[in-house]
Amino acid sequence: MTNRHPGRSILLTSGLAIALAVVAIPLYWVLVAATHSSDEIFDSPPPLLPGTSFLDNLNTLQQEAHFGQVILNSLGIATVYTLLAGAVCTLAGYGFATYRFRGREALFGLLMLGLIVPAQITLVPLFRTMAELHWLNTYQAVVLPNLALPFGIFLMRQSMSGLPKELLDSGRIDGCGEFRLFLRVALPPMRPALAALAIFLFLYQWNDFVWPLIVLRASTSFTIPVALASLQGLDETDYGAILAGTAIAAVPMAVVFLALQRHFVSGLLAGAVKE
Amino acid sequence: MTLAPPVAATGARRSGAPAARRRRRPSPAPYLFVLPALLLFAAFKLYPIGWSFVMSLHRKVAGADTFVGADNYLRLLDDPLFWTALRNTGVILAVQVPLMLALATGLAVALNSTLLRGRSVFRLGFFLPMVTGLVAYGIAFSVLLNKEYGLVNWLLSGLGIGPVPWLTDGLWAQISLGLALTWHYTGYNAVILLARLQNVPKELYDAASVDGAGAFAAFRHVTLPGLRPALLLTTVLSTIGTLQLFDEPMVLTGGGPDNATLTIGVYLYRNAFSYFDFGYASALAYALTVLIGLLGLLQFRLLGDKGSTS
């Protein structure tokens, strides 16, 4: 195929390369800006190559926003969230995919309601609930409300509906209990889907802004997005420091994503639009 | 109302199920698997949804919640800022979403092409913006688009194009918001479309080419119909996302200048957490929900059915 149209192939590839360059400019620029002082960023012409102020920026971040603590907060919250939400979504997805039971469609439909009801509708009541429980500023207040994530449940149901019935039935004949069956028989072949779910959940929590912004009140308990936004709100915004924080925030995401991207894309593909 | 997942696995695994059910007694096992999700959902979604409705019928009068009936909803009708927010959201929906989805379709077709070299690098590259946090890219764009000192205007001035007031002029702020959204979500939509594209049987393209169809005819008669379920999914998801838009305008423009990028989400947040008018904020949330429900239904009507049941 490729050899038949060498001209078109080059045209298409270079066209996409240009598009990718445009897409990549903001990312590259964030990395460059992270190594400059705020004054340098707003120089004319703007800096296009790395500078020498990265450590100064880190220092500012640490002093103005307790950034070390903030990174630990984000890491801890996202990790705990991924584990708990992953368990909840996987259990539910398995239940809906492999059993036929009374009310199955209705219950699943109810959960999917969460996809169309805007998150904003729950913000105010949830905030008041958390205030009454004296949970403002706590990590459980950040993590708990989104554990039963509709998209996660949907993804796992889609992936697990591909599990061969014979596999589960042969496990039952061997006398395996239902939960052990889930752990030992159903989960192992689901590794790619689980990896996709894990990345999705981690990404979701790592970047979540609105809810942490509302429930977290003390700057020492902020997550990265909340801390960055709070720095931007200051009278004299230090963009060098903020963009350094932005670059740092992207590092774990890029690492997780690159490590698992094969699973992520294939798992998301299988889950999102499988017939 | 239930949302039928547009691409649910219906029919695929019907065989064998009745026999399995006859063999076993009804067991509590399936309920135990879905119970944690249902309990959490009831506590943190259903209960607040109900409470929010009750709240939307109340207003704080002298420090006490007082029942005011439909007052908050009637106030919506007379509130110019509500209509501004609605119009802004509508403009994004009418302009940015179709442009982005067309771009995503083109990107998916290109990424799926056998003519493309280094496909995996491209797939990864176009997907990277999605990994970037909302706040992070909002801040980055706000600096890049700075009128006097931003990189974008500096590059444009090299081409002899005068400084564009990206974030300080109403119309340009809307365009900036659209650009940021497109940058962030096109790759994501392209991946969903790409997945679907890979399920379109090769034979259909062969048949089309035997029938003498050119590249454009093949796209129109094979690719587009094949993409239909995924287009429905991306359209509905983008519509919901746009109606709920909050993070980007909040960080990029704060809803300004002069409310040009005020969305319903930002306005709701202002009412709730700046003015502490929870009753009115709840009424806004319910208006938003009704809107999303109506638009979702409409889209299923227009795009759904024929394509998704095949």
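Note that the structure is a prediction, hence the values are computed from the model and not measured.

The accessible area lost on association of the parts is a frequent measure of interface size. On the chain B side, the residues contacting the 104 residues of chain A number 94 residues. Summed over both partners, the interface of chain A with chain B buries about 9,300 Å², with 77% contributed by carbon and sulfur atoms. Joining chain A to chain B, the criterion identifies one salt bridge. Across the contact surface, chain A and chain B share nine residue pairs in polar contact (both at pLDDT 80 or more).

As a further point, take the pattern of salt bridges. All chains considered together, the criterion is met by six salt bridges over all chains. Notably, a salt bridge pairs A:Arg157 with A:Glu105, separated by 4.0 Å at the nearest N-O pair. Taken as a pair, A:Arg157 in helix H8 (residues 150-160) and A:Glu105 in helix H5 (residues 104-116) lie far apart in primary sequence, 52 residues in all. Its salt-bridge partner being A:Arg128, residue B:Asp65 comes within 3.4 Å of it at the nearest N-O pair. With one member in each of two chains, B:Asp65 in strand S2 (residues 64-67) and A:Arg128 in helix H6 (residues 120-132) form a pair that bridges those chains. Exposure remark for A:Arg128: the relative accessible area of 17% places this residue in the buried category.

This part covers the environment of B:Leu291. Residues and elements named next belong to chain B. As for its placement among the helices and strands, leucine 291 is situated in helix H13 (residues 278-303). As for leucine 291 and threonine 234, which are separated by 57 residues in sequence, their C-alpha atoms are 18 Å apart. Not counting residues up to four positions away in its chain, the partners in contact with leucine 291 are Leu86, Leu243 and Ile264.

The rules behind these values
Residues numbered from 1 in each chain as written. Chains lettered and ligands numbered in written order. Predicted model: local features only at pLDDT ≥ 70, side-chain atom pairs only at ≥ 80, totals over all residues. Heavy atoms only, no water. Contact = heavy atoms within 4.5 Å. Buried area = accessible area lost by both parts, 1.4 Å probe. Salt bridge = Lys/Arg side-chain N within 4 Å of Asp/Glu carboxyl O. Polar contact = N/O pair within 3.5 Å; in protein donor to acceptor, adjacent residues only side chain to side chain. Helix = DSSP H or I, 4+ residues; strand = E, 2+ residues; numbered from the N terminus. Buried < 20%, exposed > 50% of the residue type's maximum accessible area, 1.4 Å probe, protein only.

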